[in-house]
Amino acid sequence: MDSNFREKIRRELEEQKGHVGMYYKDLVTEEEFSYNGDEQFFAASVIKLPIFMCISKWAYLGQADMGEKVKVHESDKMPICGALTLFDGEPEVTVATLCRLMISISDNTATNILINHFGIEKFRQAFREIGLKGTVLNRLLFDSEAGARGLENKIVPAEIAMLLSEIYHRSFVSRKVSEEINDVLLLQQINHKICGRLDSIPVEVAHKTGEDEGLTNDVGIIYAPKPFIVCYASHDTDVYRFEDFIRRTTYDICMDHM
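Draft legend 1. Structural context of the overall build of the chain. Each helix and strand counted, the chain has nine helices and nine strands in total. Since a compact globule built from 258 residues should have a radius of gyration of about 18 Å, the 18 Å found for the chain is in line with a globular shape. Counting only C-alpha atoms, the chain reaches 55 × 40 × 35 Å along its principal axes. Across the chain, every contact between residues at least 6 apart in sequence was considered, and the portion connecting residues at least 24 apart equals 63%. With an accessible surface of roughly 11,200 Å², the chain has 46% of that area assigned to carbon and sulfur atoms. Averaging the positions of the 29 positive and the 41 negative side-chain charges in the chain gives two centres separated by 2 Å.

Right, here's the structure in full:
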């Protein structure tokens, strides 16, 4: 990424509404670009990535069973995104399936079931153990009471990029665990941001999105000939404008990495 391109990106970010951030890393040269990349942002569904990674680590260590079945109670069902809220009755679903749903279609019901199944405090400790400091899990999704008390899930773009780098280098826990996490990220079905202009380019993208009112995030590994990581985060922003920036910027970086 040359200096002119960096400056163009920086100027566009400065012109965005609200609190916005971006972190970029060239996985070949290790070159980095950061704009508010070390600051905290509201996580929305990007918090599901470290949740999934912690469960994968526990499974590797024998502290969780991906094949364990968990009942989805009617009271567990959260608003869309997701599929489980549409099921009749109270199905039993494996932990592995809950994880895949949580990532690939950002299933909120699956996420809350997993958080309750393992416990918020266990996740909080595990986040610290995998190197996260400002990226924190403070509450369930759609917990309006906790939100009213100021409890929010937070991410730090540079920390999420660190996790993605470990996945790319196959150094998170083990090669097999890293590959399994990467394979699920490649199943992502919400593709209008980072992937929004990449249809014509033969690249795979392993990523996780997040969105809420006035908030839009997307973080991922782009497997261009010269692979790279981008992490975008925002809140109190103009979502339409920032997502347009995400699409254009990712496309331009990708073309530079072909």
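Draft legend 2. Representation of helix 5 (residues 120–129). Looking only at helix 5, the buried set comprises Phe-123, Ala-126 and Phe-127. When helix 5 is viewed along its axis, its buried side chains cluster within an angular range of 105° and face the same direction. Those residues of helix 5 that are exposed and angled more than 90 degrees off the buried face are Glu-121 and Arg-128. Contact partners of the buried residues in helix 5: helix 2 (48–61) and helix 4 (108–118). Residue Gly-131 follows helix 5 closely and has a positive phi angle near 100°.

Draft legend 3. Representation of the nonpolar core in the model. In terms of nonpolar packing, the biggest core is built from 54 residues, with Ile-51, Ile-55, Phe-123, Ile-160 and Leu-164 touching the most fellow members. Of all elements in the fold, only helix 2, helix 3 (95–104), helix 4, helix 5, helix 7 (157–168), helix 8 (175–185), strand 8 (215–223) and strand 9 (228–235) reach the threshold of two or more residues within this core. Counting residues per element, this core draws most heavily on helix 2, at seven residues. Apart from residues lying up to four places away in sequence, Ile-55 is in contact with Ala-64, Met-66, Val-95, Cys-99, Leu-114, Phe-118 and Phe-123. Counting residues in hydrophobic clusters, the runner-up holds 25 residues, among them Val-20, Ile-194, Tyr-232 and Ile-246.

Draft legend 4. Expanded view of the sheet that holds strand 9. Strand order in the open sheet formed by five strands is 2-1-9-8-7, and the pairing between neighbours is antiparallel. Sheet topology places strand 2 (32–35) and strand 7 (204–212) at the edges, where each strand pairs with a single neighbour. Going from strand to strand, the sheet's axes swing by 5° on average, the running direction of each strand aside. Bridge count between strand 7 and strand 8: nine bridges; the pairing is antiparallel. Note that in strand 8 the partner of Lys-208 across the bridge is Val-219. In this fold helix 8 packs onto strand 7 and strand 8, with an angle of close to 65° to the strand it touches most, strand 7.

Draft legend 5. Spatial organisation of the pattern of salt bridges. Under the criterion given, the structure shown has 11 salt bridges. A salt bridge links Lys-8 to Glu-12; the shortest N-O distance between them is 3.1 Å. With Lys-8 and Glu-12 both in helix 1 (residues 3–15), this residue pair falls four residues apart, about one helical turn. Residue Glu-180 pairs with Lys-176 through a salt bridge whose shortest N-O separation is 2.5 Å.

Draft legend 6. View of the packing of helix 3 against helix 4. Across the interface, helix 3 lies against helix 4 with an axial gap of 8 Å and an inter-helix angle of 135°. The angle between helix 3 and helix 4 falls in the class oblique. For the element pair helix 3 and helix 4, the recorded crossing hand is left-handed. Contact residues: Val-95, Leu-98, Cys-99, Leu-101 and Met-102 in helix 3; Ala-110, Thr-111, Ile-113, Leu-114 and Phe-118 in helix 4. Tallied by class, the residues present in the contact of helix 3 with helix 4 amount to nine nonpolar, one polar and no charged.

Draft legend 7. Focus on the packing of aromatic side chains. If you walk through the whole model with that rule in mind, you get eight aromatic pairs. Considering the side-chain rings of Trp-58 and Phe-123, the 5.0 Å spacing of their centres and the 45° angle between planes classify their relative orientation as tilted. Linking Trp-58 in helix 2 with Phe-123 in helix 5, this pair joins segments that are 65 residues apart in sequence. Take Trp-58 and Phe-123: they sit in the same class, and that class is buried.

Here is what the cut-offs are and how they apply
Residues numbered from 1 in each chain as written. Predicted model: local features only at pLDDT ≥ 70, side-chain atom pairs only at ≥ 80, totals over all residues. Heavy atoms only, no water. Helix = DSSP H or I, 4+ residues; strand = E, 2+ residues; numbered from the N terminus. Rg over C-alpha atoms; globule rule 2.2 N^0.38 Å. Contact = heavy atoms within 4.5 Å. Areas by Shrake-Rupley, 256 points an atom, 1.4 Å probe, with all protein chains shown as cover. Lys, Arg positive; Asp, Glu negative; His and termini not counted. Charge placed at Lys NZ, Arg CZ, Asp CG, Glu CD. Buried < 20%, exposed > 50% of the residue type's maximum accessible area, 1.4 Å probe, protein only. Arc of directions from axis to C-beta. Core = buried A, V, L, I, M, F, W, Y, C linked by side-chain atoms within 4.5 Å. Pairing = 2+ DSSP bridges. Axes fitted to C-alpha atoms, helices over the stretch in contact; angles between N-to-C directions. Salt bridge = Lys/Arg side-chain N within 4 Å of Asp/Glu carboxyl O. Parallel < 35°, antiparallel > 145°, perpendicular 65-115°, else oblique. Left-handed = near helix turned anticlockwise from the far one by under 90°. Nonpolar A, V, L, I, M, F, W, Y, C, P; charged D, E, K, R; others polar. Phe/Tyr/Trp six-rings, centres within 6.5 Å; stacked < 30°, edge-to-face > 60°.

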